[in-house]
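Residue strings, one per chain:
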Amino acid sequence: MSAMPRRFPHAGWLSIVPAGLLYLYGLSVTGLLGPDEPRYAAVAREMARSGDWVTPRLWGEPWFEKPPLLYWMTGTAFRSGLGPELAPRLPVAALALAFLGFYWWILQREFGTRTAWYAVLILGTSAGWVGFSQTGVTDMPLTATFSAAMLLALPWIARGDTSRLPFTAASLGLAVLAKGLVPLVLALPLAMRGRLRDLLSWRVAAPFLIIALPWYVLCYLRNGRAFLDVFFWQQQFGRFASPALQHSQPWWFYLPVLLAGLLPWTPLAALLASRGNWHDPRRAFLLVWALFGLLFFSIAVNKLPGYVLPLLPAICALMAINLDAERKSGFANAALISACALLLVLFLIAGHILPEAVASGLRRALELPFDWTWLVPAGIAVLVWMLARRGRRLAAIAMVAAGAAAGILWLKVSALPEVDRRASSRSLWREIGARRGEVCIQAVNRNTRYGLNYYSDEPLPDCVQEPRPLAVRQNSGEPPYVAPLH
């Protein structure tokens, strides 16, 4: 373990501006997307309005799908005066950025400065991490709090140092407020240390219980058996074992999801096979964290891409540790980093297919012509190869990270306005908001319906139940439109 620098390095301060640009720019370019983001935001908005921070309510009815941490973050943002897009998204983006600072600090303490920079650059520019930092859903709050808990346990794993275990427990308590029982299962690799009495001591258990327990008790006292039935049996145990929620996927579903979430750093996953990972208890802990989480989520019946986000910090840390472990400017590592640079082309391609993929699915979006700009990453790969072979591996990693950041920013500028038009209900609401009393819903998909419900504040009626002069319709794979009701 290298000595901790007395001051945060100059490179760290210089990275704050580009990191802030990468994570905070364009948060309101699109309206809220998908089925979850508008619903979670609507629950938080109601909490902020009503002052009831205990019972989640969706359009007037108790709604126990998720615990309150995201709602509290978003509700506080609404109370602060942020708008309908920034209130749900800015707290999540800020949390993702704050975690990267913590990530550098804890990895620098345990593995050294160079490893810490490798890890932050890799995680901070990976597609999965940046992507989920831009949406107001529960995956990033869970990942940041759970991963902080696990990383704070590294001194205990390595040396039996219990000084940070109360902070591990407190962070795990926040993770339970972010996603219920899931982080408790994902934290089982802590048992590999063996000294369970350390984890069960009062100084560790008390912070966890003080943070995690009160909301669950209060919500049960106010809502009774309905809270237990919906939250625990349907949403916690049901998501693991029952196909009723209609998110069933094959067992191998998360393998391509993880590889895609690591882009452009996917080739570095080859480093996870290093035998050296089992020789250091900290590296073994990180590997078991990732493998156990992958196994648990793969066994579960219901699968969604964001579920495996809590595995990325462990995987990226292992990639960084193994990169730093090889001090020589070897051919293999240079080839892997150069392959990462070649994958930057996917950001350019994504700019063309993203709007169609969001609206209609990936298959329809893949029909596109060749563009000569896709050759630019090949030039970057050559420069990266030269840097890595000359022993300037950190500069090579930084160049790929800069390319990824530029690609993500280009995506925000070039693709998100079209995503907003095709996949968000915001533009439609701007068209019909002034005439809401004349509009009913005839046939739209659930993403459009939930988005309209959020922007209209009070859900528009179904045309069958309450016919009105104008109807909102939507053809499969197309944006919604308004037409006279026939």
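Residues numbered from 1 in each chain as written. Predicted model: local features only at pLDDT ≥ 70, side-chain atom pairs only at ≥ 80, totals over all residues. Heavy atoms only, no water.

## Topic: the overall build of the chain
Now for step 1: If you tally the helices and strands in the chain, you get 24 helices and five strands.
Now for step 2: Taken over the C-alpha trace, the chain has a radius of gyration of 23 Å; the compact-globule value for 486 residues is 23 Å, and the two agree within 12%.
Now for step 3: Counting all 486 residues of the chain, 53% fall into the buried class.
Now for step 4: Put simply, of all contacts in the chain between residues at least 6 apart along the chain, 76% involve residues at least 24 apart.
Now for step 5: Summed over all atoms, the accessible surface of the chain reaches about 21,500 Å², with 65% contributed by carbon and sulfur.
Now for step 6: Side-chain charges in the chain split into 44 positive and 27 negative, and the spacing between the mean points of these groups amounts to 11 Å. (Helix = DSSP H or I, 4+ residues; strand = E, 2+ residues; numbered from the N terminus. Rg over C-alpha atoms; globule rule 2.2 N^0.38 Å. Buried < 20%, exposed > 50% of the residue type's maximum accessible area, 1.4 Å probe, protein only. Contact = heavy atoms within 4.5 Å. Areas by Shrake-Rupley, 256 points an atom, 1.4 Å probe, with all protein chains shown as cover. Lys, Arg positive; Asp, Glu negative; His and termini not counted. Charge placed at Lys NZ, Arg CZ, Asp CG, Glu CD.)

## Focus: the sheet that holds strand S4 (residues 470–473)
Now for step 1: Ordered by their spatial adjacency, three strands build an open sheet running S3-S4-S5, and the pairing between neighbours is mixed. Looking at which strands have only one partner, the edges of the open sheet turn out to be strand S3 (439–443) and strand S5 (481–484). Strand-to-strand twist of the sheet, defined as the mean angle between neighbouring strand axes without regard to direction, takes the value 40°.
Now for step 2: Pairing geometry for S3 and S4, over four bridges, is parallel. Paired with Ile441 across the bridge in S4 is Val472. (Pairing = 2+ DSSP bridges. Axes fitted to C-alpha atoms, helices over the stretch in contact; angles between N-to-C directions.)

## Examining the pattern of salt bridges
Two side chains carrying opposite charge are able to pair once their charged atoms lie near each other.
Now for step 1: Within this structure, the stated rule accounts for 18 salt bridges.
Now for step 2: Arg282 is paired through a salt bridge with Glu110; the nearest N and O atoms lie 3.2 Å apart. Of this pair, Arg282 sits in helix H15 (residues 281–299) while Glu110 sits in helix H4 (residues 86–111), and the two are 172 residues apart along the sequence. Across the pair, exposure class does not vary: Arg282 and Glu110 are buried alike.
Now for step 3: Among the ionic pairs, Arg449 bridges to Asp462, the shortest N-O distance being 2.7 Å. With Arg449 in helix H24 (residues 446–456) and Asp462 in the loop between H24 and S4, the pair connects residues that are 13 residues apart, well separated along the chain. (Salt bridge = Lys/Arg side-chain N within 4 Å of Asp/Glu carboxyl O.)

## Focus: unusual backbone geometry
Phi is mostly negative for residues that are not glycine, and the peptide bonds are mostly trans.
Now for step 1: Residue Pro264 is bonded to the preceding Leu263 through a cis peptide linkage, with omega at 5°.
Now for step 2: Mapped onto the fold, Pro264 is located in the loop between helix H14 (254–261) and H15.

## So, the confidence of the model for the chain
Now for step 1: Scored by pLDDT, the chain has a mean of 90; 92% of the residues are at 70 or more.
Now for step 2: When the criterion is pLDDT under 50, residues 1–6 qualifies, and its contacts beyond four places in sequence or with other chains add up to twelve contacts. (pLDDT = per-residue confidence, 0-100.)

## Considering the packing of helix H2 (residues 36–50) against helix H3 (residues 69–79)
Now for step 1: One way to put it is that H2 packs onto H3 with a least axis distance of 8 Å and a crossing angle of 60°. Classed by the angle they form, the pair H2 and H3 counts as oblique. Here H2 runs over H3; the crossing is right-handed. Contact residues: H2 offers Tyr40, Ala41, Val43, Ala44, Arg45, Met47 and Ala48, while H3 offers Leu70, Tyr71, Trp72, Thr74, Gly75, Phe78 and Arg79.
Now for step 2: Considered class by class, the residues forming the contact of H2 with H3 number ten nonpolar, two polar and two charged. (Parallel < 35°, antiparallel > 145°, perpendicular 65-115°, else oblique. Left-handed = near helix turned anticlockwise from the far one by under 90°. Nonpolar A, V, L, I, M, F, W, Y, C, P; charged D, E, K, R; others polar.)

## Topic: a nonpolar patch on the surface
Now for step 1: Taken together, the side chains of Leu209, Leu213, Val217, Leu218, Tyr220 and Leu221 make up a nonpolar region of the molecular surface, amounting to roughly 550 Å² of accessible area.
Now for step 2: Mapping Leu209 onto the fold places it in helix H12 (residues 202–223).
Now for step 3: By relative accessible area, which is 43% here, Leu209 ends up partly exposed. (Patch = residues over 30% accessible without salt bridge, like charges linked within 9 Å, V, L, I, M, F, W, Y side chains within 5 Å.)

## With respect to the packing of aromatic side chains
Now for step 1: The full count for this structure, using the stated rule, is 27 aromatic pairs.
Now for step 2: With centroids separated by 6.0 Å and ring planes inclined at 75°, the aromatic side chains of Phe227 and Phe232 adopt a geometry described as edge-to-face. Phe232 matches Phe227 in its accessibility class, with the two residues each being buried.
Now for step 3: Among the aromatic side chains, those forming a connected cluster through ring pairs are Phe64, Trp215, Tyr216, Phe227, Phe231 and Phe232. (Phe/Tyr/Trp six-rings, centres within 6.5 Å; stacked < 30°, edge-to-face > 60°.)

## Looking at the state of the cysteines
Now for step 1: A full pass over the atoms with the stated rule returns one disulfide.
Now for step 2: Two residues share a disulfide in this structure: Cys440 and Cys463, whose sulfurs sit 2.0 Å from each other. Its S-S torsion of approximately 95° makes the covalent link between Cys440 and Cys463 right-handed. Of this pair, Cys440 sits in strand S3 while Cys463 sits in the loop between H24 and S4, and the two are 23 residues apart along the sequence. Side by side, Cys440 and Cys463 carry an identical accessibility label, which is buried.
Now for step 3: A disulfide-free cysteine, Cys316 has its sulfur positioned 11 Å from the sulfur of Cys340, the nearest such atom. (Disulfide = S-S within 2.5 Å.)

## Re helix H21 (residues 393–414)
Now for step 1: For H21, which comprises 22 residues, the first-to-last C-alpha distance of 31 Å matches the rise-based estimate of 32 Å (1.5 Å per residue) to within 8%.
Now for step 2: When we look at burial in H21, the residues that qualify are Arg393, Ala396, Ile397, Val400, Ala401, Gly403, Ala404, Ala405, Gly407, Ile408, Leu411 and Lys412. (Expected span 1.5 Å × (residues − 1).)

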